[in-house]
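Given next are the chains, with one letter for each unit.
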Amino acid sequence: MAKTKKERWNLKQDFRKRWQLYLMLLLPVLYIIIFCYVPMGGIVIAFKDYSFRKGILGSDWVGLKYFKQFFGSPDIGMLLKNTLIISFYQLIVTFPAPIILALALHIIGNDRFKKFMQTVTYAPYFISTVVLVGIVLQCLHLNIGIVNTVMEFLGMDRVDFMGRVSYFRHIYVWSGVWQTTGFSAIIYIAALGNVDQSLVEASLIDGANRLQRIRIVELPALKPIITIQLIMAIGSIMGVGFDKIYLMQNTLNLPVSEIISTYVFKRGMKDLQYSFATAVGLFNSVVNFILLFAANKLSQKFGETSLW
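How each quantity is defined
Residues numbered from 1 in each chain as written. Predicted model: local features only at pLDDT ≥ 70, side-chain atom pairs only at ≥ 80, totals over all residues. Heavy atoms only, no water. Helix = DSSP H or I, 4+ residues; strand = E, 2+ residues; numbered from the N terminus. Rg over C-alpha atoms; globule rule 2.2 N^0.38 Å. Buried < 20%, exposed > 50% of the residue type's maximum accessible area, 1.4 Å probe, protein only. Contact = heavy atoms within 4.5 Å. Areas by Shrake-Rupley, 256 points an atom, 1.4 Å probe, with all protein chains shown as cover. Phe/Tyr/Trp six-rings, centres within 6.5 Å; stacked < 30°, edge-to-face > 60°. Lys NZ or Arg CZ within 6 Å of the ring centre and 35° of its normal. Expected span 1.5 Å × (residues − 1). Bend = angle between axes of the 7 residues up to and from the residue. Core = buried A, V, L, I, M, F, W, Y, C linked by side-chain atoms within 4.5 Å. Salt bridge = Lys/Arg side-chain N within 4 Å of Asp/Glu carboxyl O. Axes fitted to C-alpha atoms, helices over the stretch in contact; angles between N-to-C directions. Parallel < 35°, antiparallel > 145°, perpendicular 65-115°, else oblique. Nonpolar A, V, L, I, M, F, W, Y, C, P; charged D, E, K, R; others polar. Polar contact = N/O pair within 3.5 Å; in protein donor to acceptor, adjacent residues only side chain to side chain.

**Section: the overall build of the protein**
Piece 1. Looking only at helices and strands, the protein has 16 helices and two strands in total.
Piece 2. The C-alpha atoms of the protein give a radius of gyration of 25 Å, which is well past the 19 Å a tight globule of 308 residues would have.
Piece 3. Across its three principal directions, the C-alpha atoms of the protein cover 85 × 75 × 40 Å.
Piece 4. When each of the 308 residues of the protein is scored for burial, the buried share is 33%.
Piece 5. Summarising the internal contacts of the protein: among those between residues at least 6 apart in sequence, 63% fall at separations of at least 24.
Piece 6. When the accessible area of the protein is evaluated, it comes to approximately 19,400 Å², of which 67% is carbon and sulfur surface.

Below, the structure is given as structure tokens:
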């Protein structure tokens with residue numbers, strides 16, 4: 001009991017000394033509580049037949065009705081397939097891209113060229129998703145797009161890229177690589193800046209070439225960050241970005257572009273089936289949590305780094 005009082009007294013003293021820092025911390029904490037924790041109370045809608053007139057508390061309890069409805073839906077196979085294919089494709093391509101970029105920039109000896117390349121690769125991240133999709137659609141337009149214009153100039157036929165299902169996933173993933181690789185590489189570049197130079201010098205003395213130096217010195221230094229980033233990426237496999245896919249959708253590519261997040265939006269906001277949409281969204285979140293927990297456990301078992 002005395003220890004508890006001492007800890008409380010130390011907290012009071014610390015608060016008096018650093019009250020400005022606690023005040024700065026108050027705003028993000030309030031933000032998380034208001035916009036992350038308070039809305040979680042709405043999850044109960046998934047188990048009720050929600051009605052505007054009756055409200056959340058007054059709506060009739062229906063249990064797992066909407067979960068059964070979703071699992072029995074003929075669309076569930078297509079939704080899971082599209083979501084998982086796009087997610088794994090995106091993970092396989094976009095996860096190693098910033099690591100490769102960071103290693104390449106770290107090897108470059110010319111500081112001016114290195115800063116130029118960092119700026120060029122980082123700049124697309126500031127483009128909003130709406131503008132990015134607009135650029136992609138304009139460049140790939142069947143009649144006025146620059147890609148088709150060049151193809152026609154080279155004697156090839158024009159291609160309706162956004163109308164063919166075989167192109168949609170590639171366009172989505174690789175446009176994301178262009179937009180996010182530079183930003184995602186920052187954390188790896190910072191980690192490489194803290195590499196022990198004595199190890200680098202020792203590898204040079206031993207005659208290691210650049211690839212050997214990357215394998216022996218740089219990659220081990222990045223291993224903890226790579227592990228954490230991979231765990232978080234696996235934990236969001238089912239959470240494919242809604243906004244970009246929704247903006248790229250059309251009636252022709254819908255068979256491969258309809259994913260769980262766009263399905264939830266359409267059923268909830270367009271069809272006004274709030275309880276059903278909430279149930280599907282809750283299922284998606286639970287799967288993401290299970291994947292995150294499993295990835296973290298595997299990391300604890302086979303490695304030294306984990307989220308908790």
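**As for the packing of aromatic side chains**
Piece 1. The full count for this structure, using the stated rule, is 23 aromatic pairs.
Piece 2. With a centroid separation of 5.4 Å and an interplanar angle of 35°, the aromatic rings of Phe-47 and Phe-67 are classed as tilted. Remark: Phe-67 occurs in helix α4 (residues 65–71) and Phe-47 occurs in the loop between α2 (19–37) and β1 (48–49); sequence separation between them is 20 residues.
Piece 3. Here Phe-47 falls in the partly exposed class, since its relative accessible area comes to 21%.
Piece 4. On the numbers, 3.8 Å between centres and 5° between planes, the contact of Tyr-125 with Phe-183 is stacked. Taken as a pair, Tyr-125 in the loop between α7 (111–122) and α8 (129–139) and Phe-183 in helix α10 (residues 165–192) lie far apart in primary sequence, 58 residues in all.
Piece 5. Taken together, the ring pairs connect Phe-70, Phe-71, Tyr-263, Phe-276 and Phe-283 into an aromatic cluster.
Piece 6. In this structure, Lys-244 packs its charged tip against the face of Tyr-172, placed 4.7 Å from the ring centre.

**Here we look at the environment of Ser-128**
Piece 1. For Ser-128, the position within the fold is in the loop between α7 and α8.
Piece 2. Along the chain, Ser-128 and Leu-30 lie 98 residues apart, while their C-alpha atoms are 27 Å from each other.

**Concerning α2**
Given 3.6 residues per helical turn, the α-helix brings residues three or four places apart onto the same face.
Piece 1. Taking 1.5 Å of rise per residue, the 19 residues of α2 would be expected to cover 27 Å, and the 25 Å separating its terminal C-alpha atoms lies within 8% of that figure.
Piece 2. Its maximal kink placed at Leu-26, α2 deviates by approximately 25°, while the proline Pro-28 follows within four residues.

**Let's talk about the nonpolar core**
Piece 1. Ranked by internal contacts, the top residues of the largest apolar core, which has 20 residues, are Ile-86, Ile-171, Tyr-172, Ile-245 and Met-248.
Piece 2. Ranked by residues supplied to this core, first place goes to α10 with five residues.
Piece 3. Ignoring any residue separated from it by four or fewer positions in sequence, one finds Met-248 in contact with Val-133, Met-162, Phe-168, Ile-171, Tyr-172 and Asn-253.
Piece 4. Ranked by size, the runner-up nonpolar core spans 18 residues in total, among them Leu-91, Ala-185, Ala-191 and Val-195.

**Describing the pattern of salt bridges**
Piece 1. Tallying each qualifying case throughout the model produces five salt bridges.
Piece 2. A salt bridge links Glu-258 to Lys-266, with the shortest nitrogen-to-oxygen separation between them at 3.1 Å. The two residues Glu-258 and Lys-266 agree in class, both being buried.

**Some remarks on helix α16 (residues 274–302)**
Piece 1. With 29 residues, α16 ought to run about 42 Å at 1.5 Å a step, and its terminal C-alpha atoms sit 42 Å apart, in line with that.
Piece 2. Listed as buried for α16 are Ser-275, Phe-276, Ala-277, Ala-279, Val-280, Leu-282, Phe-283, Asn-284, Asn-288, Ala-295, Asn-296 and Ser-299.
Piece 3. Summarising the contacts, the buried residues of α16 are in contact with β1, α4, α5 (76–94), α12 (210–234) and α15 (260–270).

**Some details on unusual backbone geometry**
Piece 1. Of note, the phi angle at Leu-272 is positive, near 60°, even though the residue is not glycine.
Piece 2. Mapped onto the elements, Leu-272 comes out in the loop between α15 and α16.

**Focus: the packing of α7 against α10**
Piece 1. Close contact between α7 and α10 brings their axes to 7 Å; oriented N to C, the two are set at 130°. Accordingly, the angle class assigned to the pair α7 and α10 is oblique. Each of Gln-118, Thr-121 and Tyr-122 in α7 lies in contact with α10, whose residues at this interface are Trp-178, Gly-182, Phe-183, Ile-186 and Ile-189.
Piece 2. Its residues placed into classes, the contact of α7 with α10 shows five nonpolar, three polar and no charged.

**Overview of the side chain of Thr-121**
Piece 1. As for its position among the elements, Thr-121 is in helix α7.
Piece 2. At a separation of 3.2 Å, a polar atom in the side chain of Thr-121 contacts the main-chain carbonyl oxygen of Gln-118.
Piece 3. Excluding residues within four positions of it along the chain, Thr-121 makes contact with Leu-101, Trp-178, Gly-182 and Phe-183.

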